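Structure at a glance
Below, each chain spelled out in residue letters.
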Amino acid sequence: MGHSIEKDILELLTKENERYRLERIGFFRCVQEEAALVASRFPPEAGESFAAWKSRCLKEYYRLKGFSLFCRNNVDRPEFEAMVMSLVRTHLRRIFESSERTAADKYLAPDGDTVSYALSDKLFQEIFTMSFSTVPSFGNSTELDKFCGSMASGNFPTPESRIIKDMQDNYGFYWEKFYLKLKPLAAAYCYQMSGVSGPSNTHDIWSDTCISVNRAVVERRLKEPVDSKAIISYSVGILKNKNRELARNKARTPADVDTLQYRLTAEEENRYFDNPVTSPENFPSQIDSLCNYIDYSDKDSVQGYFIVILYNKEHPLHDALVKGYEDKVDKLFEHYIDGLSYEEMVARHCGVTDSRKAAKECARLRQEIKRLKKSLLDRFDKMLEQYK
């Protein structure tokens with residue numbers, strides 16, 4: 001086969017040991033000793049391909065070592081359960097990554113995480129007990145792995161009603177994931193509504209919201225039937241109320257005139273394009289968590305999310321929003337982010353010095369950006385339809 005048999009077998013058994021924890025569950029004591037056994041008992045046959053030999057020697061090795069009997073005798077050991085749990089979790093991760101996002105994940109799980117395909121200790125014990133009530137026969141590790149795959153595909157995604165019930169029973173596994181879900185939402189709403197940013201400044205609102213939502217759900221104060229969208233909606237309502245209160249308290253404090261910026265050019269336009277708090281340096285590079293929950297009935301939320309996408313070049317929806325308008329968007333940024341007047345922009349790009357020509361170019365540029373804003377907003381409305 002052109003390979004060193006001993007080296008190939010050691011590598012093969014090492015991978016098996018890592019995946020199935022064979023030493024830890026007590027199937028063998030030393031992987032090197034087992035590799036020597038396989039090399040002496042199951043050498044490649046004449047004309048046998050490497051893939052065929054690998055498959056054959058593993059099956060014969062597990063049959064020689066009595067893998068099926070070992071599993072039946074050790075099914076109650078914690079080490080065996082932990083190995084099965086690890087295999088099931090691996091399958092669940094693959095299923096989650098290849099499946100459409102569930103409603104429970106959309107509203108309750110942090111970005112990149114899941115509640116629908118999450119394996120809690122309590123859920124695993126239920127599934128393990130049911131699946132191994134009559135111990136199946138596993139001739140080798142591949143058959144065991146396939147069985148664990150069927151445990152994953154046959155019992156998940158977890159029904160949303162089951163997740164909600166566990167949250168109502170104050171089961172920490174799902175609450176911990178939901179609290180992480182709320183963290184970037186809290187930061188985004190704090191920034192947009194009350195101008196507060198930074199983890200230390202938003203922590204109190206986030207933690208207070210977590211406590212309030214937990215109490216409302218556990219004490220059954222939400223209108224039945226409760227679903228995942230009802231929980232996130234209630235949470236967002238709390239975040240908004242707390243930020244409105246914070247904004248009112250800040251409004252009672254005299255503003256520092258030096259922190260305010262004014263434009264000499266007066267325009268009739270939507271002011272959220274020209275809001276200093278929407279500058280990129282004032283919010284994290286990724287606030288895509290908001291795409292998991294937008295209150296479409298709240299005009300401020302929708303407009304705020306538009307600005308997050310437009311001004312944040314790292315946002316996953318930014319390129320789709322500005323495609324075909326990149327050069328014009330650069331000019332829009334010069335005006336609204338860099339603070340250049342139309343006169344300064346005309347001088348920079350056109351080199352016009354004549355006052356009459358400059359005024360004409362400023363009017364043209366103003367109309368160009370006005371049309372661009374309408375085009376971007378129209379495109380944004382169409383994009384949102386895909387996420388409702």
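Residues numbered from 1 in each chain as written. Predicted model: local features only at pLDDT ≥ 70, side-chain atom pairs only at ≥ 80, totals over all residues. Heavy atoms only, no water.

Re the overall build of the protein chain
Along the protein chain, the regular secondary structure elements total 17 helices and 0 strands. The contacts of the protein chain with a sequence gap of at least 6 include a subset with a gap of at least 24, amounting to 71%. Accessible surface, the protein chain: about 21,200 Å² in total, of which carbon and sulfur atoms supply 50%. (Helix = DSSP H or I, 4+ residues; strand = E, 2+ residues; numbered from the N terminus. Contact = heavy atoms within 4.5 Å. Areas by Shrake-Rupley, 256 points an atom, 1.4 Å probe, with all protein chains shown as cover.)

Here's the deal with the environment of Tyr61
Among the structural elements, Tyr61 can be located in helix α3 (residues 50-65). The spatial distance from the C-alpha of Tyr61 to the C-alpha of Val38 is 6.7 Å, given a sequence separation of 23 residues. What Tyr61 contacts, discounting residues up to four positions off in sequence, is Leu13, Phe27, Phe28, Glu34, Leu37, Val38 and Phe42.

A short note on the packing of aromatic side chains
One pass over the full model with this rule turns up 20 aromatic pairs. A ring pair is formed by Phe80 and Phe132, whose centres lie 6.1 Å apart and whose planes are at 90 degrees; its orientation type is edge-to-face. With a gap of 52 residues between them, Phe80 in helix α5 (residues 78-97) and Phe132 in the loop between α7 (121-131) and α8 (141-155) connect regions that are remote in the sequence. Each member of the pair, Phe80 as well as Phe132, is classed as buried. An aromatic cluster is defined as three or more aromatic residues linked by ring pairs; in this entry it consists of Phe27, Phe28, Tyr61, Tyr62, Phe67 and Phe70. Stacked on the ring of Tyr171, the Lys or Arg Lys122 has its end atom at 4.2 Å from the ring centre. For the cation-ring pair, Lys183 lies above Trp206, with the distance from its terminal atom to the ring centre recorded as 4.4 Å. (Phe/Tyr/Trp six-rings, centres within 6.5 Å; stacked < 30°, edge-to-face > 60°. Buried < 20%, exposed > 50% of the residue type's maximum accessible area, 1.4 Å probe, protein only. Lys NZ or Arg CZ within 6 Å of the ring centre and 35° of its normal.)

With respect to α3
In an α-helix there are 3.6 residues to a turn, and that puts residues three or four apart on one side. Counted at 1.5 Å a residue, the expected span for α3 with its 16 residues is 22 Å, and the 22 Å between its end C-alpha atoms agrees. For α3, the full list of buried residues reads Trp53, Arg56, Cys57, Leu58, Tyr61 and Tyr62. (Expected span 1.5 Å × (residues − 1).)

Observations regarding the environment of Ser228
Mapped onto the secondary structure, Ser228 falls in helix α12 (residues 228-251). You can call Ser228 buried: its relative accessible area is 1%. Taking the C-alpha atoms as reference points, Ser228 and Ala103, separated by 125 residues in sequence, lie 7.1 Å from one another. Dropping the residues within four chain positions of it, Ser228 is found in contact with Ala103, Ala104, Tyr107, Leu108, Glu160 and Ile164.

Focus on the confidence of the model for the protein chain
Chain-level statistics for the protein chain give a pLDDT mean of 83 and a share of 83% at 70 or above. Between residues 254-272, whose pLDDT stays under 50, and residues either more than four places distant or in other chains, the model counts 20 contacts. Below pLDDT 50 for its whole length, residues 274-293 participates in 56 contacts with residues either more than four positions away or in separate chains. (pLDDT = per-residue confidence, 0-100.)

So, the nonpolar core
Of all hydrophobic cores here, the largest spans 73 residues; its most connected members are Phe27, Val84, Met167, Phe178 and Ile231. Residues Ile309, Tyr342, Met345 and Leu384 belong to the second largest nonpolar core, which totals 25 residues. (Core = buried A, V, L, I, M, F, W, Y, C linked by side-chain atoms within 4.5 Å.)

Description of the side chain of Asn243
One can find Asn243 in helix α12. Within the structure, the side chain of Asn243 is placed 2.6 Å from the side chain of Ser194, a separation counted as a polar contact. (Polar contact = N/O pair within 3.5 Å; in protein donor to acceptor, adjacent residues only side chain to side chain.)

Thoughts on the pattern of salt bridges
Inspection of every chain in the model, using the stated rule, returns 20 salt bridges. Residues Lys122 and Asp166 are paired through a salt bridge, measuring 3.1 Å at the closest nitrogen-oxygen approach. In this pair, Lys122 sits in helix α7 while Asp166 sits in helix α9 (residues 160-168), placing the two residues 44 residues apart along the sequence. When salt bridges that share partners are traced, they join Glu45, Glu48, Arg56 and Glu60 into one network. (Salt bridge = Lys/Arg side-chain N within 4 Å of Asp/Glu carboxyl O.)

Quick look at unusual backbone geometry
In this structure, the amide linkage connecting Phe156 to the following residue, Pro157, adopts the cis form with an omega of 5 degrees. Within the secondary structure layout, Pro157 lies in the loop between α8 and α9. Between Glu224 and the following residue, Pro225, the backbone shows a cis peptide bond with an omega angle of -5 degrees. One can find Pro225 in the loop between α11 (199-218) and α12. In this model, Arg220 sits at a positive phi of 60 degrees, which is unusual for a non-glycine residue.

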